[in-house]
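# Overview (structure and organization)
Given next are the chains, with one letter for each unit.
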Amino acid sequence: MKSGVFGILKARFLINDDAVKNWRFIVFIILLAILMIANTQRYEQKVFEIAKLNNEVKELRSEFVDRRSELMKLKMESTISDKMLEKQIFPSTVPPVKIEVEKEEEKSFFKRIWQ
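These figures come from a predicted structure and were not determined experimentally. (Residues numbered from 1 in each chain as written. Predicted model: local features only at pLDDT ≥ 70, side-chain atom pairs only at ≥ 80, totals over all residues. Heavy atoms only, no water.)

Helix and strand counts for the protein chain come out as four helices and zero strands. Mapped from its N terminus to its C terminus, the protein chain presents α and β elements in the order α-α-α-α. Taken over 115 residues, the protein chain has a buried fraction of 3%. For the protein chain, the exposed surface amounts to about 11,900 Å²; the carbon and sulfur share of it is 64%. (Helix = DSSP H or I, 4+ residues; strand = E, 2+ residues; numbered from the N terminus. Buried < 20%, exposed > 50% of the residue type's maximum accessible area, 1.4 Å probe, protein only. Areas by Shrake-Rupley, 256 points an atom, 1.4 Å probe, with all protein chains shown as cover.)

In structure tokens:
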């Protein structure tokens, strides 16, 4: 057992007669390790990108809410009337009247029905 451990520590398995078989396996393990490291790197990059995009979405959503509340404030009747008073335009004291315009065809049709 002692010679087996010393053989591994001195790397005799790499210089023996059947070392080609061992070298192939070592190269295969190294390639797998490189692939695993590259895959982990890509995964971490994507995680960071997702976190960045989530923060951007939160910022944009917050800005949207701010703009929407600002728009609602600007659309209020009191805000509009204040802006109109600055320009010397006052609200009407007479209530609005609905104007209905009838087409000639409709008038003639109704006249025929009533006659």
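Mapped onto this numbering, the UniProt entry annotates "coiled-coil region" (unreviewed entry) at residues 43-70. Span residues 43-70 is 100% helix and 0% strand, its end C-alpha atoms 41 Å apart. (UniProt positions renumbered as here; feature names shortened; annotations may be inferred.)

The next thing to look at is the packing of helix H2 (residues 19-75) against helix H3 (residues 77-86). Working note: a packed helix pair is described by the angle between its axes plus the distance between those axes. One can describe the packing of H2 onto H3 by two numbers: an axis separation of 5 Å at closest approach and a directional angle of 60 degrees. With respect to their mutual orientation, H2 and H3 come out oblique. Taken together, the residues of H3 that come into contact with H2 (itself represented by Lys73, Leu74 and Lys75) are Glu77, Thr79 and Ile80. Here the contact of H2 with H3 is composed, by residue class, of two nonpolar, one polar and three charged. (Axes fitted to C-alpha atoms, helices over the stretch in contact; angles between N-to-C directions. Parallel < 35°, antiparallel > 145°, perpendicular 65-115°, else oblique. Contact = heavy atoms within 4.5 Å. Nonpolar A, V, L, I, M, F, W, Y, C, P; charged D, E, K, R; others polar.)

Here we take up the pattern of salt bridges. Applying the stated criterion to the full structure yields one salt bridge. Of the charged contacts, one joins Glu63 and Arg67 as a salt bridge, the two residues approaching to 3.9 Å between their closest N and O atoms. In this pair, Glu63 and Arg67 are both assigned in helix H2, four residues apart and thus about one turn of the helix distant. (Salt bridge = Lys/Arg side-chain N within 4 Å of Asp/Glu carboxyl O.)

All right, on to the UniProt feature "transmembrane region" (unreviewed entry) in the protein chain then. Under the local residue numbering, the UniProt record ascribes the feature "transmembrane region" (unreviewed entry) to residues 20-38. Overall, residues 20-38 shows 100% helix and 0% strand. The separation of its end C-alpha atoms is 27 Å.

So, on to a nonpolar patch on the surface. The grouping of Trp23, Val27, Ile30, Leu31 and Ile34 at the surface amounts to a nonpolar patch, some 490 Å² of accessible area in total. Positionally, Ile34 belongs in helix H2. (Patch = residues over 30% accessible without salt bridge, like charges linked within 9 Å, V, L, I, M, F, W, Y side chains within 5 Å.)

Turning our attention to unusual backbone geometry. Even without being glycine, Gln88 reaches a positive phi, approximately 65 degrees. Examined against the element boundaries, Gln88 turns out to sit in the loop between H3 and helix H4 (104-114).

Here we take up the confidence of the model for the protein chain. When pLDDT is averaged across the protein chain, the result is 84; 81% of the residues are at 70 or more. When mean pLDDT is taken per element in the protein chain, H2 scores highest with 94 and H4 scores lowest with 63. (pLDDT = per-residue confidence, 0-100.)

Once that is clear, we can look at the environment of Ile26. With respect to the helices and strands, the residue Ile26 is situated in helix H2. Separated by twelve residues in sequence, Ile26 and Leu14 have C-alpha atoms that sit 9.8 Å apart.

Attention shifts here to the side chain of Thr79. Here Thr79 is to be found in helix H3. Looking at Thr79, the relative accessible area reads 18%, which means it is buried. Leave out the neighbours within four places in its chain, and Thr79 touches Lys73 and Leu74.

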